[in-house]
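Coordinate analysis (summary)
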Amino acid sequence: MRIDVVTIFPDYLAALDLSLVGKARAAGILDLRVHDLRDWTTDRHRTVDDTPFGGGAGMVMRPDVWGRAIDDVSGVAGAGGAAGDPSGVHLVVPTPSGETFTQRTAEALAREAHLVVACGRYEGIDARVAEHYRATGMRVSELSIGDYVLNGGEVAALVMVEAVGRLLPGVVGNPESLVEESHGAAGLLEYPVYTKPPAWGDLEVPDVLLSGHHARIHRWRRDQALRRTAARRPDMVRALDVDALDRHDLAV
Ligand SMILES: COC(=O)c1ccnc(N)c1
């Protein structure tokens, strides 16, 4: 998979050189490229924004600068050769006004061949950018990582690239661990986990986990996951696909 991230703060994305995503890049599983939007400006001051039409506070990012950048990194511009096929690219725009980015979104994006992430700043990106690329046949997703506002899309891009990158085959050591984690295939929050020492002060590890009885351990973990989900995320319980849960249980 290739991911191009365009931002006016490329250094913000340096964290993606670390940990799992860093290993995925080194292994050639993830081709991640970070670009400075100002490389596509044409004026001496490398201007990327201007005042909003209709008035209001703050500044809006210009469509012409973003258009040149996205055309280039998506391959639509056809650098020197034939113009690329926009339907092979998925444009992701992190924004507080977007659809909620969830584990399901991450799973869908992890199946894409090429993502372009446009990190907006200020009051956002001119609305014609998303409109233009949708009209070319490019898939465009305006996505929010939660109900709060950030100063720019870069932090959201870090979240999304990590959530997507870790799902790529070969990135996480044991793919089975992806099934039982929170928001995984079971649709539950993960059960509580324990490790050595068996006794820590007056707190002990639940006996069932020391029993070596795998069926009982599995049932206990499933029960704990259901209880935790019901307590913390009743919305997830309502959406639970019990048949899929049973199928998962029976498969394990
Ligand atoms: C500027 O971008 C944001 O403030 C943002 C992006 C994605 N999700 C959010 N909740 C906020």
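The sections below set out a description of the structure shown in this document. None of the values given here were measured: they were computed from a predicted structure. (Residues numbered from 1 in each chain as written. Predicted model: local features only at pLDDT ≥ 70, side-chain atom pairs only at ≥ 80, totals over all residues. Heavy atoms only, no water.)

**Describing helix H2 (residues 63-74)**
Spanning 12 residues, H2 covers 16 Å between terminal C-alpha atoms, matching the ideal 16 Å at 1.5 Å per step. Of all the positions in H2, only Val65, Trp66, Gly67, Ala69, Ile70, Val73 and Ser74 are classed as buried. For H2, the secondary structure elements touched by its buried residues are strand E1 (2-7), strand E2 (31-36), strand E4 (60-61), strand E5 (90-100), strand E6 (114-118) and helix H4 (128-135). Phi for Gly75, located one or two positions after H2, is positive at around 85 degrees. (Helix = DSSP H or I, 4+ residues; strand = E, 2+ residues; numbered from the N terminus. Expected span 1.5 Å × (residues − 1). Buried < 20%, exposed > 50% of the residue type's maximum accessible area, 1.4 Å probe, protein only. Contact = heavy atoms within 4.5 Å.)

**Thoughts on the pattern of salt bridges**
Using the criterion set out here, one finds 14 salt bridges in the structure. For Arg227, the salt bridge identified is with Asp223, shortest N-O distance 2.7 Å. Residue Arg227 and its partner Asp223 are both found in helix H7 (residues 214-232); the two are separated by four residues, about one turn of the helix. Judged by relative accessible area, Arg227 falls into the exposed class, the value being 55%. (Salt bridge = Lys/Arg side-chain N within 4 Å of Asp/Glu carboxyl O.)

**Considering the layout of surface pockets**
Empty space among the atoms can be located by rolling a probe the size of a water molecule over them. By volume, the largest pocket is sized at about 520 Å³. Taken together, 29 residues make up the lining of the largest pocket; nearest its centre are Pro94, Thr95, Pro96, Gly124 and Ile125. Elements with a minimum of two residues in the lining of the largest pocket: E5, H4, strand E7 (139-144) and helix H5 (154-165). The element that contributes the greatest number of residues to the lining of the largest pocket is E5, accounting for five residues. For the lining of the largest pocket, the class distribution of residues is 15 nonpolar, nine polar and five charged. There is about 370 Å³ of room inside the second largest pocket. Counting only elements with at least two residues in the lining of the second largest pocket, the list comes to helix H3 (103-109) and helix H8 (234-238). Residues belonging to the lining of the second largest pocket are distributed by class as follows: three nonpolar, five polar and five charged. (1 Å grid on protein atoms, 1.4 Å probe; cavity = no way out; pocket = protein on both sides within 12 Å on 5 of 7 lines; lining within 4 Å. Points joined across faces, edges and corners; volume = space filled by probe spheres on them. Nonpolar A, V, L, I, M, F, W, Y, C, P; charged D, E, K, R; others polar.)

**A look at the packing of aromatic side chains**
Counted under the stated rule, the structure contains one aromatic pair. Ring geometry for Tyr194 and Trp220: centres 6.4 Å apart, planes at 50 degrees, overall tilted. Here the residue Tyr194 occupies a position in the loop between helix H6 (176-180) and strand E8 (199-200), and Trp220 occupies one in helix H7, the gap between them amounting to 26 residues. Looking at Tyr194, the relative accessible area reads 43%, which means it is partly exposed. (Phe/Tyr/Trp six-rings, centres within 6.5 Å; stacked < 30°, edge-to-face > 60°.)

**With respect to the pairing of E6**
With five of five residues buried, E6 lies mostly within the body of the structure. Alternating positions in E6 separate into two faces, His114, Val116 and Ala118 on one and Leu115 and Val117 on the other, with burial throughout. Of the pairings in the sheet, the one linking E1 to E6 comprises five bridges and is parallel in character. By the bridge assignment, Arg2 is partnered in E6 with His114. Pairing geometry for E5 and E6, over three bridges, is parallel. Paired with His90 across the bridge in E6 is Leu115. (Pairing = 2+ DSSP bridges.)

**Let's talk about the site of the ligand**
Close contacts around the ligand come from 13 residues, with Ser144, Ile145, Gly146, Tyr148 and Leu150 the closest. One nitrogen or oxygen atom from the side chain of Ser144 is found 3.2 Å from a nitrogen atom belonging to the ligand. Leu150 is positioned such that a nitrogen or oxygen atom in its backbone is 2.8 Å from an oxygen atom of the ligand. Here the ligand, which alone exposes 310 Å², has 95% of that area covered by the protein. Here the ligand is seated within the largest pocket. If you list the elements that add at least two residues to the shell around the ligand, you get E5 and E7. A total of three residues in the shell around the ligand trace back to one element, the largest contributor, which is E5. (Near = heavy atom within 4 Å. Polar contact = N/O pair within 3.5 Å; in protein donor to acceptor, adjacent residues only side chain to side chain. Areas by Shrake-Rupley, 256 points an atom, 1.4 Å probe, with all protein chains shown as cover. Sits in = over half its atoms within 2 Å of the grid points.)

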